[in-house]
Structure formats: C-alpha cells, structure tokens
Amino acid sequence: MEQIDDGVWSLEQPFSGTMPFTVAYLLVGRDGGITVIDPGERSDGNLTRLEKACERLGYALRDIRLVIGTHLHRDHVALVDDLRAAAGCEFAFGAVEWGAMQSLVSGEAETTWLRRYEDWGIPARARAELIELPAPAVPFSREPDRLLADGETIALTGRRLRVITTPGHTPGHLCMWDPDSRLVFTGDHILPFTYSGLGLGGVYSPGAVSDYLSSLDAVAQLPARCGLPGHEAPFPNVAARAGDLARHQLQRGGEVTAALDAGLESVWAIAATLTWSAGWENLHGFHLRSALAQTAMHLESLRRNDCVDAEAR
Ligand SMILES: [Zn+2]
C-alpha cells in the first residue's frame, strides 16, 4: 500500500488477467469513513488485503462506507459483492454502465456480437474461433445502491468527487475528479503506459469513437496535477497522455480511410491492413474480436461523418 496524497492510498490487487494487478484507491474521510474506488477482482486474498490495508490505517473493513466502480470489468469491481456482505457498505456505479451490464446479463450483448460476426466478412475458421469465446463474466450480482450520472458530485466528509462519464473503454466508464486536491481517478480510460482499448463492455454504440475522443478531451481539460489509473502507476501528465491516446485513434481512423480508398470493404479485410501493436497475424480470441470491433467502430464513425457532410451539402 502506498500513500498518494493526504487521505488517499493506493493498494495493488492481483488479477489473473492481462495486467498483473488492478489498483484500488482508499480515501479516508475526516470522520474515519473509507471510500474505495475499484476494490479489485473477487478473491479471498483480495478481500484480506483490503482488510489489512484498513487495519494499517487504524480502521476495520466495516469502516468502508462506500465503494465506487469505474466500469464493469471484473478486475475492477468483482470484489464488491463480498465487500458489501462483509462491510455493509454502499455501492455506487455509473447509470450508463449499469445499462451496459444489463446487456451482458440478458444475453443481448452476445446476440449482438454473433450478428456482427456475420456482417464483418470473417473467414470461417476465424469466425468459429470467435463464436467459441466465452460470454463475458457478469461482475457482481446485486443492483448498485446509487447510480451515478455525468456531472454529479459525490460528497464525502472533507472531500468531493465529481463524476465524469467517459465512454470508450466501456459504454459508461466513469472518471472521478477531486477539484480540491486536483487528482483525477482515471480507471482504464487513461493508463500511463498501456493503450487500454476501446469498446470492451457489452454492446458498443455507433458513436463509440467520437464519444471516446470527447471523453479524452473532457479529462484533458481538467487542471489535474496527477492521474490515478486503474492499473500501472500515478502519472502527472494527464492532458499529454489523453492527447497521445486521441492521436492513436485518429491515426487508426486515417488508416481505415486509406483502406477504404484502396477499395477494401469488409471489416476483416480492412482490419488486416491496420497497425496493431501485437501484429495482425498474432491476434486471436478476445484480442482479435477487439481489433475487429475497433475497426468496425471507425468505419461507423466515418460513415456517420459522411452522413453529416451529405446533409450539409
Ligand atoms: Zn482494467
């Protein structure tokens, strides 16, 4: 556990996925109540680690009053069921993200993926691989106590957090802005070193790319002194990093345009011409689906802009 600022601590919670750990943040209020942002993956070890962290601060697990989840990925929020049972705390989650989670629960997200595979011109072998992908895990079972909307303020004792809805990584991802300490909790919207990806929760919307660029800009506009991400380490240059990520997407959009100009049509054919950090031929399973989805999102974004241009003419 590491102290980040007055009353703000970070705790690395191990996770059995592509990242070695998720970062949980503990905010200690003046009345001794603790707020946790993203408690982490569900495991006995992670619950114990959180309990030990509270004890090191002179408190107990039951002093956790509120848990805030930035987005629906299990490495961030799946511990919340156990934590609510053990600490009796409240759970606040994004209203839009809760809607996206319902699409996982109802199976709508899976049905949408299957329909999209049909439209994307995917060769039979790769399509069979994608169809075999397991349905994404539903991260928690009980409805949140509080659904958060963009711009609302969460009042804690001695601290306020402003909710910023930052769609992109998932449909209703949230960042939390503390205007007094000028810290911004960025979840997976902005990581300092890794590109966290786009459209990775439930059903992505046709406007996903422009929503993502707008939400990068919204965070870049904050006079932040430090970004506190959901993985990796605190980073000072929030606006610069948001700019890097926006450029990465704009570059991909440029590559999609070039592929269209070259006469390519299907999502599969276009995706194969784009720059992927792992290399196109090395993409399989979730990574392949994510690459195809990102390509499709760019195509939809370009088509929407075409419609706007056509209307303007
Ligand atoms: Zn994550």
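Residues numbered from 1 in each chain as written. Predicted model: local features only at pLDDT ≥ 70, side-chain atom pairs only at ≥ 80, totals over all residues. Heavy atoms only, no water.

(A) View of the pairing of strand β5 (residues 64-69). Counting buried positions along β5 yields 5 of 6 residues, so the element is predominantly enclosed. Relative to β5, strand β4 (residues 34-37) runs parallel, the two sharing 4 bridges. Bridge assignment links I34 to a residue of β5, and that residue is I64. Since β4 and β5 lie parallel, the crossover through helix α1 (residues 44-56) that links them has a hand, and here it is right-handed. Where β5 lies against strand β6 (residues 90-94), 4 bridges are found, and the strand directions are parallel. (Buried < 20%, exposed > 50% of the residue type's maximum accessible area, 1.4 Å probe, protein only. Helix = DSSP H or I, 4+ residues; strand = E, 2+ residues; numbered from the N terminus. Pairing = 2+ DSSP bridges. Right-handed = clockwise from strand over helix to strand, strands pointing away.)

(B) Local environment of the packing of aromatic side chains. Counted by the stated rule, this structure contains 9 aromatic pairs. Between Y117 and W120, the aromatic rings sit 6.3 Å apart at their centres with planes inclined by 65 degrees, giving edge-to-face as the arrangement. Look at W120 and you get buried, because its relative accessible area is 4%. Grouped by ring-pair contacts, the aromatic residues F91, F93, W98 and F140 constitute a single cluster. In this structure, R289 packs its charged tip against the face of W113, placed 4.1 Å from the ring centre. (Phe/Tyr/Trp six-rings, centres within 6.5 Å; stacked < 30°, edge-to-face > 60°. Lys NZ or Arg CZ within 6 Å of the ring centre and 35° of its normal.)

(C) Here's a closer look at the coordination of the zinc ion. In this structure, D75 (OD), H76 (NE2), D188 (OD) and H231 (NE2) serve as the protein donors to the zinc ion, at separations of 2.1 to 2.5 Å. With 4 donor atoms in place around the zinc ion and angles of 84 to 165 degrees between them, the coordination shape is irregular. Each donor residue of the zinc ion belongs to the same chain, and together they define the spacing D-H-x111-D-x42-H. Here the residue H76 occupies a position in helix α2 (residues 74-77), and D188 occupies one in the loop between β11 (183-187) and α7 (208-220), the gap between them amounting to 112 residues. For the pair H76 and D188, one class covers both residues: buried. (Donors = N, O, S within 2.8 Å, 3.2 Å for Na, K, Ca; no water. Tetrahedral: all angles 85-135°; square planar, octahedral: opposite > 155°, others 65-115°.)

(D) Fine view of unusual backbone geometry. Positive phi outside glycine occurs at D38, with the angle close to 55 degrees. By secondary structure assignment, the location of D38 is in the loop between β4 and α1. Look at R182: it is not a glycine, yet its phi comes out positive at around 55 degrees. Considering the arrangement of structural elements, one finds R182 in the loop between β10 (174-178) and β11.

(E) Structural context of the UniProt feature "domain: Metallo-beta-lactamase" (unreviewed entry) in the chain. Within this numbering scheme, the UniProt entry marks residues 21-231 as carrying the feature "domain: Metallo-beta-lactamase" (unreviewed entry). Along residues 21-231 one finds 33% helix and 24% strand; the C-alpha atoms at either end are 6 Å apart. (UniProt positions renumbered as here; feature names shortened; annotations may be inferred.)

(F) Region of the structure containing the packing of helix α5 (residues 108-119) against helix α6 (residues 124-131). Between α5 and α6, the least distance of the axes is 11 Å, while the angle of their chain directions is 175 degrees. When the interaxial angle is binned, α5 and α6 end up roughly antiparallel. Contacts between α5 and α6 involve L114, Y117 and E118 from the first element and R127, L130 and I131 from the second. Looking at the contact of α5 with α6 residue by residue, the class counts come to 4 nonpolar, no polar and 2 charged. (Axes fitted to C-alpha atoms, helices over the stretch in contact; angles between N-to-C directions. Parallel < 35°, antiparallel > 145°, perpendicular 65-115°, else oblique. Contact = heavy atoms within 4.5 Å. Nonpolar A, V, L, I, M, F, W, Y, C, P; charged D, E, K, R; others polar.)

(G) The arrangement of the nonpolar core in detail. With 43 residues, the main nonpolar core has W120, I122, V184, W280, L288 and L292 as its most contacted residues. At the level of elements, α5, α6, β10, α7, α8 (238-261), α9 (267-271) and α10 (285-312) are the ones that each hand at least two residues to this core. The element best represented in this core is α10, accounting for 7 residues. Not counting residues up to four positions away in its chain, the partners in contact with L288 are A126, L130, W268, W280 and L283. If you look at the next biggest cluster of nonpolar residues, it comprises 30 residues, including L47, L57, M101 and A109. (Core = buried A, V, L, I, M, F, W, Y, C linked by side-chain atoms within 4.5 Å.)

(H) Structural detail: the sheet that holds β10. Here we have 5 strands laid out as an open sheet, ordered β8-β9-β10-β11-β12, and mixed in their pairing. Of all strands in the sheet, those with a lone pairing partner are β8 (153-156) and β12 (226-229), marking the two edges. Each strand of the sheet is rotated relative to its neighbour by a mean of 25 degrees, with strand direction disregarded. In terms of strand pairing, β10 meets β11 through 3 bridges, oriented antiparallel.

(I) Main features of the side chain of D82. Mapped onto the fold, D82 is located in helix α3 (residues 80-87). Judged by relative accessible area, D82 falls into the buried class, the value being 17%. D82 has contacts with R42 and L47, leaving out every residue within four places of it along the chain.

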